[in-house]
Amino acid sequence: MVQKYQSPVRVYKYPFELVMAAYEKRFPNCPLIPMFVNSVIINECHSEDGASQVTERRCTVDVEAPRLLKRIAGVEYIYFIQKNSLNRRERTLQIEAYNESFSSRVNVYEHCVYTVHPENEDWTCFEQSASMDIKSFFGFESTAEKIAMKQYATSIKKGKEIIEFHLKQLEEEGITHMPRWAPPPAPTPSHALPVSSARAIPACSSRAHPGSTDVLPGSPDDKLDADYISRYLGKLTPFQESCLIRLRQWLQETHKGKIPKDQHVLRFLRSRDFNLEKAKEALCQTLTWRKQHQIDFLLDTWQCPQLLQDYYTGGWHHHDKDGRPLYILRLGQMDTKGLVRVLGEETLLRHVLSINEEGLRHCEENTKIFGKPISCWTCLVDLEGLNMRHLWRPGIKALLRMIELVGANYPETLGRLLILRAPRVFPVLWTLVSPFIDENTRKKFLIYAGNDYQGPGGLVDYINRDFIPDFLGGDALCDVPEAGLVPKSLYRTTEEQENEDLKLWSETIYKSASVLKGAPHEVLIEITEVSSVITWDFDVCKGDVIFNIYHSRRAPQPVKRDGLSAHNLACPAGNNVQLIDRSWMLGQDYSMVETALSCREGESVQGSHVTRWPGFYILQWRLYSSPSCTSSSRPRVDDVLASLQVSSHKCRVMYFTEVLLSTDFRGSMSSLESSHSAFSLLSAATSSSNQSQTESSVSR
């Protein structure tokens, strides 16, 4: 498996030329890096005007590895080739390094760059990326990988310290300024000669090496600064920083225009122990969920019912000693049964989601107020009054659903849970609820029975006395009401509650559809006015699909299910529609008006099509098939078996389409080009034909 590393941008508050002088002091060896034994220049060349310099070194590294492993490998030292390309005119230094030893077994590649800070020309930025692929190493691949990762992480930590150490040395020597490069006044017509007898390397050359194209730093825009990470996100290890940056880059490529804030991205990584693939999957699911239910607009659109304001015994209350927002819930005083019977489960769920959205905002505000990263909140739950009424089955079901939904979409937001005055019935509730709470979250629970919270190790250890609510013996007035029982006269029937719940969660402009092998999903759009604009926005939630747009002058009819469909062997569920009859001929009965677009799992695609003819347009999503599977006309055994196991070939898309008049296209609030639209960024990521006059934005 290829291990990759991407650093944040590290800033030196010194001019580029001074940093370069400090960097050169690292050679030929550096006592501050014991593993860096020595280096020898093997090639060096300069441009005629002195603006460019390329230096190639052979570096000797003493890897701290078990003696037995070194004896098996038959080496004492490891050798690397390092190539430095200095451009004094542009004030940049590009550093490339790769292993010379065991190059057939192990591929290690590193790329570093020093540049001028984009906002302050007297500061210098540093960024590095690396990859390592251990193909084989005498049966000790896992051990070698762990050793390499550990030592590389150690050298990363020391990197900035070493430059700053040499900068201080220069200052002690009286060197606080280095002149910038300037063109020579009268260049002489001489030829640059290599210093060594070996062949010179042109300054513009770049030696190819396996893996180098994958790990070069990206564009300078929108990168994370190391100081920003420390200030707003907290102290992270180099590995954790790399995971954050790589996940953020992936989001920028696949979910353009709707990327969560860095703090929330970091929460998903922490909840998955910085497993990048698991964090990607969880984030992709939550982004789809937020988009489908328009969670980003929840705080602006949610209107809390008056009854909920009167009888919901919870609210935000100052902060704890760590600066975390403090939420107080008097669960024992809440009539959960009455609230569910009157408002329904979905209304309560939306209210809980709005509380979590408020919590995210409070964390951001407290981060600025206290000058340190705050990414979670503390919840204080008072159970005085808890009884068997709270164990009502529908109420417990609603609670479990809330726990599941919050855990999936707001991970690592609970910093501490203080449960006070737990009665005898609490163990029953805990037995029902605890299996649905992950182990890491359960470790944050502190449970106090009776008045134990008033003694040592109680509330005063976590909350300033000035902020402890008065009903718990503190000095702070608390706005959280005691509420009471909801009048039974307000109870609604089960049918009324279900209708209201359906209404709440069906209020979304997005639709979901399944795409199976041999069963594409198709959407019919009738166009009566030429130059109308068809717009679309869809997410590929699962699997890979191919997106097509067709035109037909006659109306297609939904395809009737055949005999297999009746047995659910070859047809999808009810959220799949097929319109193009199998007897139709492409080019005769219907025509393709767009180049087919391949869309991978997790991608978000937005685009538009300006129609040229009236008639019927069909938007189609079909299962992506690799070229190897379609190159032969004869069906393979694997394909036949796969066609019978359609569940393993199921894709899912979530989509929204809209037809606009050409005069309303740019001004529409829901138009993809509208300045108020969440999908206002259009690009030429897909080919635009002269006939279709199409614009598409594909988030890659």
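A quick note: this is a predicted structure, and the numbers were derived from the prediction, not measured.

Q: So what exactly am I meant to see when it comes to the overall build of the protein here?
A: On a plain count of helices and strands, the protein comes out with 18 helices and 23 strands. When the 700 residues of the protein are sorted by exposure, 48% land in the buried category. For the protein, the computed accessible surface area is about 36,100 Å², with 52% contributed by carbon and sulfur atoms.

Q: Teacher, can you tell me more about the packing of helix α1 (residues 16-24) against helix α3 (residues 141-172) here?
A: Geometrically, a packed helix pair is captured by the angle between its two axes and the distance between the axes. Taken N-terminus to C-terminus, the directions of α1 and α3 make an angle of 105°; their axes are 8 Å apart at the nearest point. If you check the angle between α1 and α3, you find them roughly perpendicular. The residues of α3 that touch α1, namely those facing Leu18, Val19, Ala21, Ala22 and Tyr23, are Ile163, His166, Leu167 and Leu170. Along the lines of polarity and charge, the residues of the contact of α1 with α3 split into 8 nonpolar, 1 polar and no charged.

Q: I keep staring at the packing of aromatic side chains and nothing clicks. Help me out?
A: Two descriptors summarise a pair of aromatic rings, namely the distance from one centre to the other and the angle between the planes of the rings. Applying the stated rule across the entire model yields 19 aromatic pairs. Between Phe102 and Phe137 the ring centres are 5.2 Å apart and the planes differ by 75°, which places this aromatic pair in the edge-to-face class. Pair noted here: Phe102 is in the loop between β6 (92-99) and β7 (106-117) and Phe137 is in the loop between β8 (120-134) and α3, with a separation of 35 residues, a long-range link. Of the two residues, Phe102 and Phe137, both sit in the buried class. Look at Tyr228 and Tyr232: their rings are 5.4 Å apart centre to centre, the planes differ by 40°, and that puts the pair in the tilted class. With Tyr228 and Tyr232 both in helix α4 (residues 226-233), this residue pair falls 4 residues apart, about one helical turn.

Q: What is the right way to look at helix α13 (residues 426-433) in this model?
A: In an α-helix there are 3.6 residues to a turn, and that puts residues three or four apart on one side. Burial in α13 covers these residues: Phe426, Leu429 and Val433. Looking straight down α13, one finds its buried side chains confined to an arc of 65°; they lie on one side. Structurally, α13 contributes buried residues whose contacts are with α12 (393-409), β12 (414-420) and β13 (445-447).

Q: Please clarify how the environment of Asp225 should be interpreted in this entry.
A: Tracing the backbone through its elements, the reader meets Asp225 in the loop between α3 and α4. Taking the C-alpha atoms as reference, Asp225 lies 6.0 Å from Arg10; in sequence the two are 215 residues apart. Among the polar contacts listed, one links the side chain of Asp225 to the backbone nitrogen of Asp227, at a separation of 2.6 Å.

Q: Where do I start with the pairing of strand β9 (residues 314-319) in this structure?
A: When a strand is regular, its side chains alternate between the sheet's two faces. Bridge count between β9 and strand β10 (residues 325-329): 4 bridges; the pairing is antiparallel. Following the sheet pairing, Gly314 is matched in β10 by Leu329. Here β9 folds back onto β10 in antiparallel fashion, the turn holding 5 residues, of which Gly323 has a positive phi close to 85°.

Q: Sorry, what's going on with the sheet that holds β10 here?
A: In a beta sheet, neighbouring strands pair by backbone hydrogen bonds and run either parallel or antiparallel. Spatially, β9-β10-β11-β12-β13 is the arrangement adopted by the 5 strands of the open sheet, whose pairing is mixed. With partners counted over all chains shown, the strands left at the sheet margins are β9 and β13, one partner each. If you compare each strand with its neighbour and ignore which way they point, the axes differ by 20° on average. Note that β10 and strand β11 (residues 377-382) share 4 bridges and pair parallel. The residue of β11 that forms the bridge with Leu329 is Val381.

Basis of the calculations
Here the residue numbering is sequential within each chain, running from 1 through the sequence in written order. Selection of residues for local features in this predicted model requires a pLDDT of at least 70, selection of side-chain atom pairs for listing and counting requires 80 or more, and totals for whole chains, interfaces and linings are taken over all residues. Hydrogens are left out, water is left out, and the side-chain values use all remaining heavy atoms of the structure. Going along the chain from the N terminus, every DSSP run of H or I of four or more residues is numbered as a helix, and every run of E of two or more is numbered as a strand. For each residue, the accessible area found with a 1.4 Å probe, counting protein chains only, is set against the maximum for its type, and the residue is called buried under 20%, exposed over 50%, and partly exposed in between. Computed with a 1.4 Å probe, the accessible areas rest on the Shrake-Rupley method; for each residue, only the protein chains presented here act as cover. Helix axes are fitted only over the stretch in contact, all axes being lines through C-alpha atoms; the angle between N-to-C directions runs from 0 to 180 degrees. Throughout, the term roughly parallel applies to angles under 35 degrees, roughly antiparallel to angles over 145, roughly perpendicular to angles from 65 to 115, and oblique to all others. Residues count as neighbours in contact if any of their non-hydrogen atoms are within 4.5 Å of one another. Note on residue classes: Ala, Val, Leu, Ile, Met, Phe, Trp, Tyr, Cys and Pro are nonpolar, Asp, Glu, Lys and Arg are charged, and everything else, Gly too, is polar. Any Phe, Tyr or Trp ring, taking Trp's six-membered ring, that has another such ring centre within 6.5 Å forms a pair; planes under 30 degrees apart are called stacked, those over 60 apart edge-to-face, and the others tilted. Picture the helix axis, draw a direction to every C-beta atom, and the arc is the one those directions span. By the criterion applied in these results, polar contacts are pairs of N or O atoms within 3.5 Å in which, for protein atoms, one can donate a hydrogen and the other can accept it, and in which residues neighboring in sequence qualify only through two side-chain atoms. Two strands are counted as paired when DSSP detects at least two bridges linking them.

That's the geometry; what it means functionally is another story.
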